[in-house]
Amino acid sequence: MKVAIVEYDSNGIVWFAIHRPEKRNAINFEVMDKLEETIAMVEKNDDVKMLVITGTGDEAFCSGGDLSKFQHLHTTENAKQMLEKMGTILYSLLTLSKPTVALINGTAIGGGCELASACDFRYAKSGSKIGFIQGKLGITTGWGGATMLFEKLPYTQALDILLRAERISAEKMYEYGWIHAVLPGNNLREECRELLAPYLSQSVSVLRAYKMAAAEKWKSDEFRMRFFAEIRRCSELWGSEEHKRAIQSFLNKS
Ligand SMILES: C[C@@H](C(=O)O)C(=O)SCCNC(=O)CCNC(=O)[C@H](O)C(C)(C)COP(=O)(O)OP(=O)(O)OC[C@H]1O[C@@H](n2cnc3c(N)ncnc32)[C@H](O)[C@@H]1OP(=O)(O)O
């Protein structure tokens, strides 16, 4: 069973859809591998102008890390390996030399919000809920999400979202500047294509040059250090009793 569907548009968009709707598009190691492969392909292929990341089904964009699998990561070292793997992938997404979009087709929770934060644009179906809820699980963002949020939103806005750890409507997140367009969602991909049409009329060299103008600052040692320090801090919290209890409570409920 495929965990992701990758499609090409003749106008230069690659669509990457996480395909685990029965798990609300939770990210396991297979999804990570497929995303890594797709990012590398988009980076190299000069026919590709933009990457759009979305989820399949009507319910969820992405529910974050696969808790049924990652509950077994008991030590800081084991958690760190998983978090660094996905963190490295999101770092390459953040610094990809082509513009990227998170097309949020439903709920985005935990690491799902980090995945979206790594993208340049975030378009959401009206009514979607966005939850940087990691604080309520006794952890922090563990894939570089806070570091990216602090880059992309004003400081107090980003800190407020992280410390609240609540689910927030796409409409409210639009007011905060994290969502760039709220879409009706009757034909989400077509609505997304319309927004991207002006960008796609530029050559790939122009798109690449502008994206690199933005991404250079994230390639500095100082930024990388902050990004991976966040991941280490989250690994230390991963094995805490509070986190174990929160995961068990979710898994026993469902
Ligand atoms: C790595 C870390 C980080 O931030 O760095 C993280 O991401 S921590 C991960 C943070 N993520 C979460 O805490 C999200 C937990 N999920 C939820 O809160 C919820 O499932 C929603 C995403 C709001 C969807 O609610 P809804 O009522 O639509 O569905 P549901 O809860 O009945 O879930 C449907 C099925 O998907 C599974 N499911 C949902 N989210 C999952 C996840 N993250 N990992 C593993 N399985 C998951 C449920 O167990 C259930 O499986 P069965 O049908 O077999 O019973």
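Above this note sits the structure.
Residues numbered from 1 in each chain as written. Predicted model: local features only at pLDDT ≥ 70, side-chain atom pairs only at ≥ 80, totals over all residues. Heavy atoms only, no water.

Asker: Could you give me a rundown of the overall build of the protein chain, with the residues and numbers involved?
Answerer: The number of helices and strands found in the protein chain is eleven helices and ten strands. Rg of the C-alpha trace for the protein chain: 17 Å, near the compact-globule value of 18 Å for 254 residues, within the 12% margin. Each of the three principal axes of the protein chain carries a C-alpha extent, and together these read 50 × 40 × 40 Å. Across the 254 residues of the protein chain, 52% fall into the buried class. A sequence separation of at least 24 residues applies to 75% of the contacts in the protein chain between residues at least 6 apart. (Helix = DSSP H or I, 4+ residues; strand = E, 2+ residues; numbered from the N terminus. Rg over C-alpha atoms; globule rule 2.2 N^0.38 Å. Buried < 20%, exposed > 50% of the residue type's maximum accessible area, 1.4 Å probe, protein only. Contact = heavy atoms within 4.5 Å.)

Asker: I'd like a description of the sheet that holds strand β9 (residues 167-169), backed by residues and values.
Answerer: Read from one edge to the other, the open sheet built from four strands follows the order β4-β6-β8-β9, with strand pairing classed as mixed. Edge positions in the open sheet fall to β4 (60-62) and β9, since each of these has one partner strand only. The average undirected angle you get between the axes of adjacent strands in this sheet is 20°. In terms of strand pairing, strand β8 (residues 129-131) meets β9 through three bridges, oriented antiparallel. The residue of β9 that forms the bridge with lysine 129 is serine 169. (Pairing = 2+ DSSP bridges. Axes fitted to C-alpha atoms, helices over the stretch in contact; angles between N-to-C directions.)

Asker: Break down the site of the ligand for me, citing the residues and quoting the values.
Answerer: Ser63, Gly65, Gly111, Glu114 and Gln134 are the nearest of the 24 residues found near the ligand. One of the backbone nitrogen or oxygen atoms of glutamate 22 is found 3.2 Å away from an oxygen atom of the ligand. Within the contact set of the ligand, an oxygen atom lies 3.2 Å away from a backbone nitrogen or oxygen of glycine 142. Relative to its unbound accessible area of 1,000 Å², the ligand is 77% covered by the protein chains. Among the secondary structure elements, those contributing two or more residues to the shell around the ligand are α2 (67-70) and α4 (111-117). A class-by-class count of the residues in the shell around the ligand yields eight nonpolar, nine polar and seven charged. (Near = heavy atom within 4 Å. Polar contact = N/O pair within 3.5 Å; in protein donor to acceptor, adjacent residues only side chain to side chain. Areas by Shrake-Rupley, 256 points an atom, 1.4 Å probe, with all protein chains shown as cover. Nonpolar A, V, L, I, M, F, W, Y, C, P; charged D, E, K, R; others polar.)

Asker: How would you sum up the environment of methionine 148? Please name residues and give values.
Answerer: Mapped onto the elements, methionine 148 comes out in helix α5 (residues 145-152). Owing to a relative accessible area of 0%, methionine 148 belongs among the buried residues under this scheme. Taking the C-alpha atoms as reference, methionine 148 lies 9.7 Å from phenylalanine 223; in sequence the two are 75 residues apart. Once residues within four sequence positions are removed from consideration, methionine 148 is found in contact with Leu90, Leu94, Glu114, Ser117, Ala118, Trp143 and Phe227.

Asker: How would you sum up the packing of aromatic side chains? Please name residues and give values.
Answerer: Scanning all chains against the criterion turns up ten aromatic pairs. An angle of 70° between the planes, with centres 5.5 Å apart, marks the rings of tyrosine 91 and phenylalanine 227 as edge-to-face. Here phenylalanine 227 lies in helix α10 (residues 221-238) and tyrosine 91 lies in helix α3 (residues 76-94), a separation of 136 residues in the sequence. The exposure classification of tyrosine 91 matches that of phenylalanine 227, with both residues buried. Grouping aromatic residues by their ring pairs yields a cluster made of Tyr91, Phe223, Phe227 and Phe228. Between the NZ or CZ atom of arginine 224 and the centre of the ring of tyrosine 91, over which it lies, the distance is 4.8 Å. (Phe/Tyr/Trp six-rings, centres within 6.5 Å; stacked < 30°, edge-to-face > 60°. Lys NZ or Arg CZ within 6 Å of the ring centre and 35° of its normal.)

Asker: Tell me about the side chain of glutamate 191, residues and numbers included.
Answerer: Along the chain, glutamate 191 turns up in helix α8 (residues 188-200). For the buried residue glutamate 191, which engages in no salt bridge, the nearest side chain bearing the opposite charge is lysine 125, 9.5 Å off. Once residues within four sequence positions are removed from consideration, glutamate 191 is found in contact with Leu183, Pro184, Gly185 and Asn186. (Lys, Arg positive; Asp, Glu negative; His and termini not counted. Salt bridge = Lys/Arg side-chain N within 4 Å of Asp/Glu carboxyl O.)

Asker: I'd like to hear about the state of the cysteines, residue by residue, with values.
Answerer: Under the criterion given, the structure shown has zero disulfides. The closest cysteine sulfur to the non-disulfide-bonded cysteine 113 is located on cysteine 62, 8.5 Å from its own sulfur. Residue cysteine 113 is classed as buried on the basis of its relative accessible area of 0%. (Disulfide = S-S within 2.5 Å.)

Asker: Before we move on, could you go through α10 and cite the residues and values that matter?
Answerer: Spanning 18 residues, α10 covers 26 Å between terminal C-alpha atoms, matching the ideal 26 Å at 1.5 Å per step. Of all the residues in α10, the buried ones are Phe223, Phe227, Phe228, Ala229, Glu230, Ile231, Cys234, Ser235 and Trp238. For α10, the secondary structure elements touched by its buried residues are α2, α3, α4, α5 and α11 (241-253). (Expected span 1.5 Å × (residues − 1).)

Asker: Describe the nonpolar core, with residues and values.
Answerer: Ranked by size, the top nonpolar core spans 68 residues in total, and within it Ile104 and Trp178 carry the most contacts. With nine residues, the top contributor of residues to this core is α3. Beyond its immediate sequence surroundings of up to four residues, isoleucine 104 is in contact with Phe61, Ala116, Arg122, Tyr123, Ala124, Lys125, Ser128, Ile130, Trp178, Ile179 and Leu188. Within the second largest apolar cluster, 13 residues are counted, among which are Ala181, Leu183, Leu188 and Cys192. (Core = buried A, V, L, I, M, F, W, Y, C linked by side-chain atoms within 4.5 Å.)

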